[in-house]
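Analysis of the macromolecular model
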Amino acid sequence: MGFLNAMLLFGTAAFAVPLGIHLLNRSRFYSVDWAAMHLLDVSDLQNARRIEWRSLLLLLLRCMIPIVLAVCMARPIVQTAAVGGASGRSTTVLLLDDSYSMQGRATEPGGQLSGWTMAQSAADEVVGQLAGQAELSVVALGGEAHPAGEPTRRDPRPVLGAIRRLEPLSAAADVIGGLRLAGDMLTASREPHRQAVVVSDFQRADWGASVEAALEAMRRQWETLPAIPELHLIPLDVQPQANVSVGFDAISTEVTLPGEPLDLQLTVENHGNEQLQTVPLRLAIDGRDLVSRNLDLAPNARSQLLFTVNLDTPGPHVASVELDDPAGQITADDQDTLQIETLPRRQVLLIEPEPKPRLLECETGFLQLALEATAGELGAGQAAEVRRVAAATVPPAAIAESDVIVLADVPRLADDVVAAVEQRVAEGGLLCVFAGESLDSGWYADTLGPASASYLVPWRYGDLAVASQQADPSGEAASAASIRGGPYADPLLAFFDDPQHGQLENASLTSWRQLEPWPDTADTTAAPADAKLLLSTQSGAPLLIAASHGEGRVLQWAITADETSGSLPLQPVFVPLMQRLLLLDLTSAVARHPERRRQESTLTPLTAAERASLAQRLGGTLHTSVDDFLAYDSNRQGGREIWRWLLAVVVLLLFAEMLVAGRLTRRGGR
Amino acid sequence: MPALPRLLAAEDHDRMAALNWYARGVVEGLHVGMHRSPYIGVSVEFKEHRAYVRGDEVRSIDWKLYGKTDRLFVRQYEHESNLKATLLVDQSGSMAYRGTQGTGISKHLFATRLAACLSYLFVSQHDAVGLSLFDTQVRTMLPPRNRVSQLEHLMHALADSSCGGETRLGEVLTDAASRVGRRGVVFLISDGFGDVEPLLRSLSLLRQLASEVVFFQVWHPDELDFPFSTRTRFQSLETPGQERVVDPLSFRKTYLRNLERFQTAVAEGCTQRRITHVPCRSDEPHAELIARFLSRREAV
C-alpha cells in the first residue's frame, strides 16, 4: 500500500484526543452523598461485563474515526494485480518546454547542468516509466507548439529519439498552443485515463497573468470532456542569472525591390545587474558581415540600433545579428535572423484602346501612376516597369516578356495576341481585365469565354449598369454606389481590413459592367474551379473576380481603370490596392512578434506559491520533482485508490459510535 | 406550641382538619372514641343477646325478654373506643439525602412533616397517637396518648430529631412491635433501604399485633430518576468509607433495573402480608399525600 499524501498520516495521532478525553473523564468525577447504595450494586455480572465491553467498544470507535479519516485523506493506494491490466491503460501527453530559457543553469546540486539537460533527463524518465503502459506523445512548447515524433505505446525509442533531437529554440514557450494541442490529442484518445505532463521552468512570461485567463478557459474546456484529463506540472528550477539578448525589432518592409534601402531596427538588452562593456555585435546579410560594433550596456537597460542596408539581388535574403554574451549561459537570444524577400522588378504591359497625348486622359493613366508610385506599399523604389501600348499595335513578343498584362477596357484583340496572352498567363503571368463602355462583351464571350480555346475570363460580361438605376439595400435609388467594406477573405485584400491602410468603401461607383457566371452548359467543363468573387458593391453587384489559369492568374474587373466608372482611382487606397493586386500577387508578409520572441530573456520563474496557485487554478497537480510524479504515477498504475471506501468506513464508524453511545446512555424506561 | 409552625404549615392545619381517619378494624383504647372496640361494655349501642351463663352480672340480664320467653338472656352493648396510632419514623443516615442541587427537602424532613400531619390528624379526632424515632435502635419513644399536650410533645420530638448512622430496620421494627402492645394502627415512615426480607418479616410481626400497618416508603426524586450524567463517586450516607464510582450514563439502565426489583419485592411482600404500602416522593405535598391516601383507603 502506498499513500499519495503521506504527510497526512500524521493526522492519525488525532486518536489521542478521544483517548485523552476518556482517561481524563476516568480520573475526574463528581461526588455525591448517596443513600440508595444497595441499588448501585451490579448483581448481574454478565450485565456488568457487557457495560464494560460497550464502553471499550465506544472508546475504540472514537479512536478509530480520526485514524481512518487521516488515512483516507492520505489517499492510500492498494496495489492489486487487476489494476495493471485493462483498467490501467492511459494516454499521456508530455509537454516539454524547449524554449530558450531552459538553457539557464538548473538549481540542482552543483548547478552545472542546464535546465534543458534536466528537462531531457526528466522526459527520459517519464517516457521510460510510462512506455508500455500508456500511449505516449511528446509536444514541444518552444516557438509554436508542435508534436515531437509519433505517438508510441510499446517502443519508447522513437519518442526518446525525438526528445534527443530537440534543442532549446530561440523563442518563448507557446503554452496555450501546447495545451490546446495536448487537449486535442487527449480528446481523440479512447483510453480511460488521460493525462498531460508539463515539464517546464515555468517562466512568468509564459505562465504568468498574461495567459492566466486563456489557461483557465482551456481547463474549463477540458472539464467538459467525458473523461477529464489530469494535468501534472513538473517544475525545473532555473537560476535567475545575467543575460544579454538581441533581436530584430522592426523592419521597413519584408518584401523589397532590388536597390531599395531597407531599415533594420535592433534591440539589445542587458537583463543583468552588471554593467557590460565592449560587447561585440555583428550584423550579417546572407552570412556576410555587414556591421561589427562593440556596445556598452548599462544594467537592466535596453538599446535600439538602426541599420540601413541595400539588397541588390532579387530573391530571399537572411539578415542575422549576433552578439557575444559575457554571461554565456543562454545563447539562444544572442542571435536573431530575419528573412527578407527582394522582388524582381515586375514587367507590366498596359493595353488600352487607343493612346492619348496626356497621361491622365489615357485609360491606364491612373493605373500607371499607381504602379510607379514612390509612396506605395512597396517602398521608395519602382516596383514595376510599366509599358503602355494600344490594343491595335500590341506586339506578341511584348506579351511574352510581361509579368502582368492589363486589358483596360479593350474592345477586342487580334487572335495572335489573344493566343500570346493565354500562353503567358498559363505560364504564370497575371492578366487583369478592366471593363467599360468600349468593351465588346460578345467578342469576350466568343473569344475569351468558355466556348473558346482561350478560356481566360472566368465570368461573363453583361450590359453596362448605371448607379442611378440601381437600388441600394435600403430600397432607395442612389446616384452612386460604393464598394462593400471588409472583412475580406482574400489574403491580399485582408490588408484593407485595417482602416489605416485605406478604405475601399469610400470610393463611389457610377457605372460598371454586369458580371455573372457563365451559363452552366457542357462547354463550361473547363471553367476555372477556383473562380471567386473578391469585391462587390454594397448592393451585391460583382466588381472583381479572381481565378487561376494554368500557372497564372486572372483578375476580372467590372469597372474601368480610370475615373470613368467612379472615384476609385482618385482614392488613396487605389495605389496600395493596385500594387498588391498586380505586383505582390500571392506574396504575403511574414508576421513577426519581436516582443514575444525575447520575453524569456529575463529569467523570472514563478515562485513556489505562484506555481501552487497556478496548479490549483488549472485543477492540476504540482509535483516537487519528476521523482515525485513518477511515484504518483507508479501508485496510480500499480494500485487503486481506496479513499472512497475508507470514507464510507468513517461514515459507518460514526453511525456505530452513535448507536453504541445511544445504547449506553439511553434513558429508557425501567 | 413553638414547634408546631415549623413542621405544620397553616394549610396543613386546614387540610388535616377536613380529614378523618376511621379504623378499618376494631381497635383497643382506653377512652370512648369514634372507633369500634373489641370490648363489649358500657355503651348505649345494643349489639345482641346471648344466653345467660353463671358468672354473668345479674344487672346485665334482659328481664323484659325473660318475661316474654321465660329464659335468661344477657344484653350485650357495643364498646366504642379511641384509636391508638403509633408513628415509627426512620432517622437513619439514608433519610438525610436531599438531592444534588441542595434546594429540595431531605427525606427525613419529609418524613417528620408527614408524621406531624398524621399526629395532628389523630389528636384532632381525640385518638391516641404515639411516636417512635429510630435508626439502629429506638432513640425516642412517646407512648400513645390522646391529650392535646401530646401533640406538642410529638412536635418537639420530631423537630429535635436528626438523622445519621446506619439502619437496621428489621431489628428495630421487631423491637417497636413489642412496644406497640395492643391492637392499633402503626405507621412506618422510612425509605426502607436495606435487606428486604428482614424488613418484611418485621412488618409481618407488626401486622400480627396491630390492626393495620401502613408503610410510607419515602423516595427522593433523584433515587427514582437517577438524573446524573457525569462520572460520579457515590458516597454512602450511612456507612462512612463506603463509596462507588460509576459512569451514570452507562449505569443508569442497571440502576433502574435494580430499583424496579427492589420496589417490586417490597410492594409484593407488603401485599402478601396485608400491609398498606404507600410509595411517596419527597417533593410532593405531604398533606395532599395523606388526603389522597385516605380517599383511596375509604374507597377500598
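Bear in mind that the values here come from a model prediction, so they are computed numbers and not experimental data.

Reading the values: the criteria
Along each chain, the written sequence defines residue order, and numbers are assigned to residues from 1. Numbering of ligands from 1 and lettering of chains from A proceed in the order in which they are written. Thresholds applied to this predicted model are a pLDDT of at least 70 for local features of residues and 80 or more for the giving and counting of side-chain atom pairs; totals over whole chains, interfaces and linings are not thresholded and use all residues. Side-chain figures throughout are based on the complete set of non-hydrogen atoms in the structure, without hydrogens or water. Helix numbering and strand numbering both begin at the N terminus, where a helix is a DSSP run of H or I of at least 4 residues and a strand a DSSP run of E of at least 2. Remark: exposure states derive from per-residue accessible area (1.4 Å probe, protein chains only) relative to the maximum for the residue type, with buried under 20%, exposed over 50%, and partly exposed in between. Every residue pair with non-hydrogen atoms within 4.5 Å of one another is taken to be in contact. Surface exposure here means Shrake-Rupley accessible area, sampled with a 1.4 Å probe, where a residue is shielded only by the protein chains that are shown. Whenever Lys or Arg places a side-chain nitrogen within 4 Å of a carboxyl oxygen from Asp or Glu, that contact is recorded as a salt bridge. Think of a nonpolar core as a cluster: buried Ala, Val, Leu, Ile, Met, Phe, Trp, Tyr and Cys residues, connected wherever their side-chain atoms sit within 4.5 Å. Two strands make a pair as long as DSSP finds a minimum of two bridges between them. All axes are obtained by fitting lines to C-alpha atoms, using only the stretch in contact for helices, and the reported angles, taken between N-to-C directions, cover 0 to 180 degrees. Centre distance within 6.5 Å is the pairing criterion for rings of Phe, Tyr and Trp, where only the six-membered ring of Trp is used; planes under 30 degrees apart are then read as stacked, over 60 as edge-to-face, and the remainder as tilted. Roughly parallel means an angle under 35 degrees; roughly antiparallel, over 145; roughly perpendicular, 65 to 115; everything else is oblique. Crossing handedness follows the turn of the near helix against the far one: under a right angle anticlockwise gives a left-handed crossing, and clockwise gives a right-handed one. The nonpolar class holds Ala, Val, Leu, Ile, Met, Phe, Trp, Tyr, Cys and Pro. Asp, Glu, Lys and Arg form the charged class, and all remaining residues, Gly among them, are polar. Defined in terms of a 1.4 Å probe, buried area is the accessible area two parts forfeit on being brought together, summed over both. We call two N or O atoms a polar contact when they sit within 3.5 Å, provided that within protein one can donate a hydrogen and the other can accept it, with sequence-adjacent residues counted only if both atoms are side-chain atoms. You can read pLDDT as the predictor saying how much it trusts each residue, on a scale of 0 to 100. One less than the residue count of a helix, multiplied by 1.5 Å, gives the span that helix is expected to have. Nonpolar side chains (Val, Leu, Ile, Met, Phe, Trp, Tyr) are joined into patches within 5 Å and like charges within 9 Å, using only residues with over 30% relative accessible area and no salt bridge.

**Overview of the overall build of chain A**
In terms of regular secondary structure, chain A is built from 16 helices and 29 strands. Across the 670 residues of chain A, 49% fall into the buried class. Partitioning the contacts of chain A with sequence separation of at least 6, the portion at a separation of at least 24 is 76%. Here chain A displays about 30,900 Å² of accessible surface, and carbon together with sulfur accounts for 53% of that area.

**Topic: the pattern of salt bridges**
Scanning the entire structure with this criterion turns up 20 salt bridges over all chains. Of the charged contacts, one joins Glu-269 of chain A and Arg-302 of chain A as a salt bridge, the two residues approaching to 3.5 Å between their closest N and O atoms. Here the residue Glu-269 of chain A occupies a position in strand S11 (residues 261-270), and Arg-302 of chain A occupies one in strand S14 (residues 302-310), the gap between them amounting to 33 residues. With relative accessibility at 45%, the residue Arg-302 of chain A sits in the partly exposed group. As a salt-bridge pair, Arg-292 of chain B and Glu-284 of chain B come within 2.9 Å of each other at their nearest N and O atoms. Given the relative accessible area of 38%, Arg-292 of chain B is considered partly exposed.

**Some thoughts on the nonpolar core**
Core analysis: the largest hydrophobic core is formed by 77 residues, its most contacted members being Ile-351, Leu-367, Tyr-444, Trp-512, Trp-557 and Leu-568 of chain A. The biggest single contributor to this core is helix H12 (residues 574-584) of chain A, with six residues. Core analysis: the next-biggest nonpolar cluster, separate from the first, contains 42 residues, Phe-122, Leu-154, Ala-159 and Val-214 of chain B among them.

**A short note on the sheet that holds strand S4 (residues 84-90) of chain B**
All names here are of chain B. An order of S6-S5-S4-S7-S8-S11 is seen for the six strands of this open sheet, with the pairing classed as mixed. Since the sheet does not close on itself, it has two edges, and those belong to strand S6 (138-145) and strand S11 (276-281), each with one partner. Taken over all neighbouring pairs, the strand axes of this sheet differ in orientation by 15° on average, direction set aside. The pairing of S4 with strand S5 (residues 128-134) spans seven bridges and is classified as parallel. Looking across to S5, one finds that Thr-86 is bridged to Gly-130. Its contacts with the sheet put helix H4 (residues 107-124) on S4, S5, strand S7 (185-190), strand S8 (212-219) and S11, and the angle it makes with S4 is roughly 170°. Each of S8 and S11 touches helix H9 (residues 248-272); the most contacted strand, S8, lies at about 170° to it.

**A closer look at the packing of aromatic side chains**
Inspection of every chain in the model, using the stated rule, returns 21 aromatic pairs over all chains. Consider the rings of Phe-202 of chain A and Trp-207 of chain A, whose centres lie 4.7 Å apart with planes at 45°: the pair is tilted. Each of the two residues, Phe-202 of chain A as well as Trp-207 of chain A, counts as buried. Through pairs of rings, three or more aromatic residues link up here, namely Trp-34 of chain A together with Tyr-97, Phe-226, Phe-228, Phe-234, Phe-251 and Tyr-255 of chain B.

**Some thoughts on the packing of H4 of chain B against helix H10 (residues 286-299) of chain B**
Residues and elements named next belong to chain B. As a packed pair, H4 and H10 sit with axes 9 Å apart at the nearest point and diverge in direction by 55°. Looking at the two axes, H4 sits oblique to H10. Pair H4 / H10 crosses with right-handed handedness. Contacts between H4 and H10 pair Phe-110, Arg-113, Leu-114, Cys-117, Leu-118 and Leu-121 from the former with His-286, Leu-289, Ile-290 and Leu-294 from the latter. Looking at the contact of H4 with H10 residue by residue, the class counts come to eight nonpolar, one polar and one charged.

**Overview of the pairing of strand S25 (residues 532-536) of chain A**
Put simply, side chains in a regular strand alternate between the two faces of the sheet. All names here are of chain A. Of the pairings in the sheet, the one linking S25 to strand S26 (residues 542-549) comprises four bridges and is antiparallel in character. Paired with Lys-532 across the strands is Ala-546, a residue of S26. Between the end of S25 and the start of S26, which pair antiparallel, lie five residues, with Gly-540 showing a positive phi angle near 100°.

**Examining the interface of chain B and chain A**
Counting residues at the interface gives 41 residues for chain B, matched by 27 residues for chain A. Among the residues chain B hides against chain A, the three largest losses belong to Arg-231, Arg-233 and Leu-249 of chain B. Together they make up 18% of the total. The tally of links between chain B and chain A comes to zero salt bridges. The interface formed by chain B and chain A includes eight residue pairs in polar contact (both at pLDDT 80 or more). Listed by contribution, the elements that provide at least two residues to the side of chain B that touches chain A are helix H8 (221-225), strand S9 (232-236), strand S10 (243-246) and H9 of chain B. The element that contributes the greatest number of residues to the side of chain B that touches chain A is H9 of chain B, accounting for 15 residues.

**Details of the pairing of strand S15 (residues 315-323) of chain A**
Residues and elements named next belong to chain A. Relative to S15, strand S12 (residues 276-285) runs antiparallel, the two sharing five bridges. Within the sheet, the bridge partner assigned to Ile-285 lies in S15 and is Ala-319. Bridge count for S15 against strand S16 (residues 335-342) is eight bridges, and the pairing is antiparallel. Each residue of the ladder has a partner; that of His-317, found in S16, is Ile-340.

**A closer look at the packing of helix H3 (residues 115-130) of chain A against helix H4 (residues 157-165) of chain A**
Any two packed helices are characterised by the angle at which their axes cross and by the distance between the axes. Residues and elements named next belong to chain A. Across the interface, H3 lies against H4 with an axial gap of 10 Å and an inter-helix angle of 175°. It follows that H3 is roughly antiparallel to H4 by the angle criterion. Seen from H3, the contacting residues are Trp-116, Gln-120, Ala-123, Asp-124 and Val-127; seen from H4, they are Val-159, Leu-160, Ile-163 and Arg-164. Of the residues that constitute the contact of H3 with H4, the class distribution is six nonpolar, one polar and two charged.

**Some points on the confidence of the model for chain B**
Caution is warranted with low-pLDDT regions, since their predicted coordinates should not be read in detail. Residues and elements named next belong to chain B. Residues at a pLDDT of 70 or more form 83% of chain B, whose mean pLDDT is 80. Model confidence for chain B, summarised as mean pLDDT per element, is weakest for strand S1 (residues 35-40) at 52 and strongest for S11 at 92. This model gives residues 40-44 a pLDDT under 50, and the stretch forms 11 contacts once residues within four places in sequence are excluded.

**Quick word on the environment of Arg-580 of chain A**
Residue and element names in this part refer to chain A. The topology assignment puts Arg-580 in helix H12. Judged by its relative accessible area of 7%, Arg-580 is buried. On a C-alpha basis, the gap between Arg-580 and Leu-371 in space is 9.5 Å, while along the polypeptide they are 209 residues apart.

**Overview of helix H5 (residues 148-160) of chain B**
Taking 1.5 Å per residue as the helical rise, H5 of chain B with its 13 residues ought to reach 18 Å, and the 19 Å between its terminal C-alpha atoms agrees with that figure. Within the span of H5 of chain B, buried status applies to Gln-150, Leu-151, Leu-154, Met-155, Ala-157, Leu-158 and Ala-159 of chain B.

**Re the sheet that holds S10 of chain B**
Sheet architecture is open: three strands sit in the order S2(A)-S9(B)-S10(B), paired in mixed fashion. The sheet terminates laterally at strand S2 (30-34) of chain A together with S10 of chain B, the two strands that pair on one side only. Neighbour-to-neighbour, the strand axes of this sheet turn through a mean angle of 25°, independent of strand direction. Direction of pairing for S2 of chain A relative to S9 of chain B: parallel, over a ladder of five bridges. Looking at the pairing, Tyr-30 of chain A lines up with Thr-232 of chain B of S9 of chain B.

**Description of the side chain of Gln-217 of chain B**
All names here are of chain B. If you trace the backbone, Gln-217 turns up in strand S8. Classification of Gln-217 as buried rests on a relative accessible area of 0%. At 2.7 Å, the side chain of Gln-217 forms a polar contact with the side chain of His-277. Here Gln-217 is in contact with Ser-190, Asp-191, Gly-192, Phe-262, Val-266, His-277, Val-278, Pro-279 and Cys-280, once residues within four sequence places are set aside.

**Some thoughts on a nonpolar patch on the surface**
Residue and element names in this part refer to chain A. On the surface, Leu-8, Leu-69, Met-73 and Leu-647 cluster together into a nonpolar patch covering about 320 Å² of accessible area. For Met-73, the position within the fold is in helix H2 (residues 45-73). Classification of Met-73 by relative accessible area gives partly exposed; the value is 47%.

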